[in-house]
Amino acid sequence: MPITNRRTVFLNGEYMPEADAKVSVFDRGFLMSDAVYEYTAVIEGRLLEFDHHLQRLQRSLDELDFDLQLDREELLFVHRELVRLNKVDVGGVYIQISRGATDRDFAFPKGLTPTVMAFTQEMNFLDNPINDTGLKVMSVEDGRWARRDIKSVQLLYTSMVKSKAEAAGLHDAFFVKDGFVTEATASNAFIVKDGKVITRQLSSDILHGVTRKVVLALAAENELTIEERPFSIQEAQDADEVFVTASPTFALPVVELDGKPIADAKPGPMTQKLRNLFLKEARLNAL
């Protein structure tokens, strides 16, 4: 999509047309992928799970030794203002913070002024047809960097895998490390077996998903059995249900993995139940 002046974006304290937003060629986000980001979903013009996203953004900054403490009220205003200016009903707000601009060097420089930018996207994920038909995914070796718990902009390998899946007529891919699923390209992976909700435990192997966190809390509140442990591709193929969670898509069913149907190859009731519970909770707490 060409860059136009249709959207208003935020860059370093100013709101401006997207075509006017410029970042230095010496910005470390551009040169070194020395930047982190978050994406907060929007429904009916309101932000979902904003505080969870802000907490994870601060954690990513801290893990990369950014000398920056986020101001909640300031960033909440920026998010709300972008939603208002761009008249977003359903979509999301993307925010990215880089270490700043300086001459190229591998070592982290001190005292830089971070580059902070944010923009909106319109995306009608509420009426996503995948909710009714399900995802078809393949498995690939996990070749990403080891700190997947940091929401870094180092997304090239992920983009390569996602593109490969789409070229094969599929929707997504599951990453596999040491014989076990870590996560999907942009979401956390779950299986359901004999009424148990199973997903990999938190570590540096996976992103600490906001939707994952809320879904697990809701599952516990509804007295569902939860197991946080690794599972294999074979175990996923033999599961009663498989689904993924992410902020802009909530819970989406997986109906085929490496060419093998999951159960009856239809979205399952547990996935739908957890999706509905999440949407209800998120709407109640939206800002």
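Data block above holds the structure.
Because the structure is predicted, anything quoted here is derived from the model rather than measured.

1. Quick look at helix 5 (residues 156-167)
Here helix 5 is 12 residues long and its end C-alpha atoms lie 16 Å apart, about the 16 Å a rise of 1.5 Å per residue gives. Residues of helix 5 that are buried: Thr 158, Val 161 and Ala 165. Down the axis of helix 5, the buried set is contained in an arc of 65°. They therefore lie on one face. Helix 5 presents Leu 156, Met 160, Lys 164 and Ala 167 as exposed residues on the side facing more than 90 degrees away from its buried surface. Buried residues belonging to helix 5 abut strand 7 (135-141) and strand 8 (172-177).

2. Observations regarding the sheet that holds strand 6 (residues 115-122)
In a beta sheet, neighbouring strands pair by backbone hydrogen bonds and run either parallel or antiparallel. The six strands are arranged 2-1-6-5-3-4 in an open sheet whose pairing can be described as antiparallel. Strands at the two margins of the open sheet, each flanked by one partner only, are strand 2 (14-17) and strand 4 (46-47). Of the pairings in the sheet, the one linking strand 5 (residues 90-98) to strand 6 comprises eight bridges and is antiparallel in character. Directly across from Val 93, in strand 6, lies its bridge partner Thr 120. The strands touched by helix 2 (residues 50-63) within the sheet are strand 3 (35-43), strand 4 and strand 5, with strand 3 carrying the most contacts at an inclination of about 175°.

3. Considering helix 2
Given a rise of 1.5 Å per residue, 14 residues ought to cover 20 Å, and the 20 Å separating the end C-alpha atoms of helix 2 matches this to within 8%. Residues of helix 2 that are buried include every one of Phe 50, His 53, Leu 54, Arg 56, Leu 57, Gln 58, Ser 60 and Leu 61, and no others. Looking at the buried residues of helix 2, the elements they touch are strand 3, strand 4, helix 3 (72-85), strand 5 and helix 6 (210-221). Asp 65 lies just past helix 2 and shows a positive phi near 65°.

4. A word on the side chain of His 79
Along the chain, His 79 falls in helix 3. Residue His 79 is classed as buried on the basis of its relative accessible area of 3%. Apart from the residues lying within four places of it in its own chain, the contact partners of His 79 are Thr 40, Leu 47, Phe 50, Val 93 and Ile 95.

5. What to know about the packing of helix 6 against helix 8 (residues 269-285)
Close contact between helix 6 and helix 8 brings their axes to 10 Å; oriented N to C, the two are set at 105°. Our classification of the angle between helix 6 and helix 8 gives roughly perpendicular. Residues Thr 211, Val 214, Val 215, Leu 218 and Ala 219 of helix 6 pack against Leu 274, Leu 277, Phe 278 and Glu 281 of helix 8. When grouped by side-chain class, the residues that make up the contact of helix 6 with helix 8 number seven nonpolar, one polar and one charged.

6. Re unusual backbone geometry
The residue Lys 87 is not glycine, and still its phi comes out positive at about 55°. Overall, Lys 87 belongs to the exposed group, its relative accessible area being 69%. Even without being a glycine, Asp 194 presents a positive backbone phi close to 50°. As for its position among the elements, Asp 194 is in the loop between strand 10 (188-193) and strand 11 (196-199).

Reading guide: rules and limits
- Residues numbered from 1 in each chain as written.
- Predicted model: local features only at pLDDT ≥ 70, side-chain atom pairs only at ≥ 80, totals over all residues.
- Heavy atoms only, no water.
- Helix = DSSP H or I, 4+ residues; strand = E, 2+ residues; numbered from the N terminus.
- Expected span 1.5 Å × (residues − 1).
- Buried < 20%, exposed > 50% of the residue type's maximum accessible area, 1.4 Å probe, protein only.
- Arc of directions from axis to C-beta.
- Contact = heavy atoms within 4.5 Å.
- Pairing = 2+ DSSP bridges.
- Axes fitted to C-alpha atoms, helices over the stretch in contact; angles between N-to-C directions.
- Parallel < 35°, antiparallel > 145°, perpendicular 65-115°, else oblique.
- Nonpolar A, V, L, I, M, F, W, Y, C, P; charged D, E, K, R; others polar.

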